[in-house]
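Next come the chains, spelled out residue by residue.
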Amino acid sequence: MKKGVVVLLFYLSYSYCFGQGNDQLFSRLQAISNKGTNFYNIDGIEITSTIINQGISKKNILKGAKKYGIKEEDLGVSDSLILQPNFYVFKSEPGPDGITQMTSYYFVENSDKMLMTVTFASLNKKDRFFERSFVQLLLNKSIPDSVYQSLQIDSINFAGRKIALGNQCYWMGVGNTQCPGHGQMSWSVHKDELEAREDVLNRYKVIKAKKNGRVLSEDTVNVVFEGTEVRAKKIIYDFKGLTSALVRMSGGQTLTVYFVNAPVRNQYVSCVMSFWNNDKVNPETGLPGLLSQVMKLKSETN
């Protein structure tokens, strides 16, 4: 009886807190679908979902779970607040400068009696209620087509604004676009300023700690990001060893990286933007073409 009450309370809470706010959630959600796997990004959380045409069993899970480092002894827990048969695995991996990579895995039987695998990956945060709720959205097939962006980029939805890019750019991940010679930017849409600020800080720490390069300089500069004047962290990054040799073969030497969080259309965006020293810079913005679509440098004398 106690378990039934807990499940009922969860679904009442889900309906009120999550179901009623789906429009806001979907306005932050970005997605790409590729060869049967769906990739999502929201609030700095990277989510992957795929369906395997097999029933749910430890044997079938382990066939595809080797890449996750999951072993049979890890499959001893289920999430009792998800009604469908399921297994739940959580792993955390400490990183540099107080960063912890947190990953949750849900292996759930869907309505077609097939195995659905959902992973949630994030830095320094974990929201079990959100994870369960998102799994339920997937099980109910409630994710709207409008959040999915085409694999072939001619434009992107940047936090509610359509930006035309032509056919020179491609996806490096969800909310991660690269335009050769014109820069790269990776962004996530958040529900509040604190999350956006922490996401930018965590991503800065991860890049700074990488072993294949070093930060030559760092500064804080004035920028105008989507019409809002904010301060951005700027670093110039150099590469070492084999990576350095490969970079120089492509004509580049150093990478300039900007870390920004700002209010954008009643939400908050965290964004990491970068370009090579030999990329073409727009003199009006002080940045290459892709970055110029969302930001310009602001003179200290303005």
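So, a few notes on the structure that sits alongside this text. (Residues numbered from 1 in each chain as written. Predicted model: local features only at pLDDT ≥ 70, side-chain atom pairs only at ≥ 80, totals over all residues. Heavy atoms only, no water.)

## Here we look at the state of the cysteines
The cut-off we apply is this: Any pair of cysteine sulfurs within 2.5 Å is marked as a disulfide. Secondary structure elements follow DSSP: runs of H or I no shorter than four residues count as helices, runs of E no shorter than two count as strands, and numbering proceeds from the N terminus. Per-residue accessibility, obtained with a 1.4 Å probe over protein chains only, is compared with the maximum for each type, and a residue is labelled buried under 20%, exposed over 50%, and partly exposed between these values.
The tally for this structure, following the rule as stated, stands at one disulfide. In this model, Cys169 is linked to Cys179 through a disulfide, with the two sulfur atoms separated by 1.9 Å. Judged by the torsion about the S-S bond (105°), the Cys169/Cys179 disulfide is right-handed. Residue Cys169 is located in the loop between strand 8 (161-164) and strand 9 (170-173), and its partner Cys179 is located in strand 10 (residues 176-179); the two are separated by 10 residues in the primary sequence. Note on Cys169: relative accessible area 7%, which makes it buried. Overall, Cys179 belongs to the buried group, its relative accessible area being 2%.

## A word on the layout of surface pockets
What counts here: Every definition here rests on a 1 Å grid over the protein atoms only: cavities are sets of points where a 1.4 Å probe fits but cannot get out, pockets are open sets enclosed by protein on both sides within 12 Å along at least five of seven lines, and lining residues have some atom within 4 Å of a point. Grid points are joined across faces, edges and corners, and a volume is the space filled by probe spheres set on the points. Note on residue classes: Ala, Val, Leu, Ile, Met, Phe, Trp, Tyr, Cys and Pro are nonpolar, Asp, Glu, Lys and Arg are charged, and everything else, Gly too, is polar.
By volume, the largest pocket amounts to about 1,200 Å³. Lining the largest pocket we find 47 residues, and of these Asn176, Ser186, Arg203, Ile207 and Lys210 sit closest to its centre. Of all the elements, strand 11 (residues 183-190) adds the most residues to the lining of the largest pocket, at six residues. For the lining of the largest pocket, the class distribution of residues is 24 nonpolar, 17 polar and six charged.

## Examining the pairing of strand 9
Our working definition: Only when DSSP finds a minimum of two bridges between them are two strands counted as paired.
One ladder, built from three bridges, connects strand 9 with strand 10; its direction is antiparallel. Residue pairing in the sheet places Trp171 in a bridge with Thr177 of strand 10. Between strand 9 and the antiparallel strand that follows it, strand 10, lie two residues; Gly175 among them carries a positive phi value of about 65°.

## Brief notes about the pairing of strand 11
Within strand 11, eight of the eight residues are buried, leaving the element largely enclosed by the surrounding structure. Along strand 11, one buried face is formed by Gly183, Met185, Trp187 and Val189 and the opposite face, lined by Gln184, Ser186, Ser188 and His190, is buried too. When strand 10 meets strand 11, the two strands line up antiparallel, connected through four bridges. Residue pairing across strands places Gln178 opposite Gln184, the latter belonging to strand 11. Connecting the antiparallel pair strand 10 and strand 11 is a turn made up of three residues, with Gly181 showing a positive phi of about 85°.

Taken by themselves, the reported measurements are silent on function.
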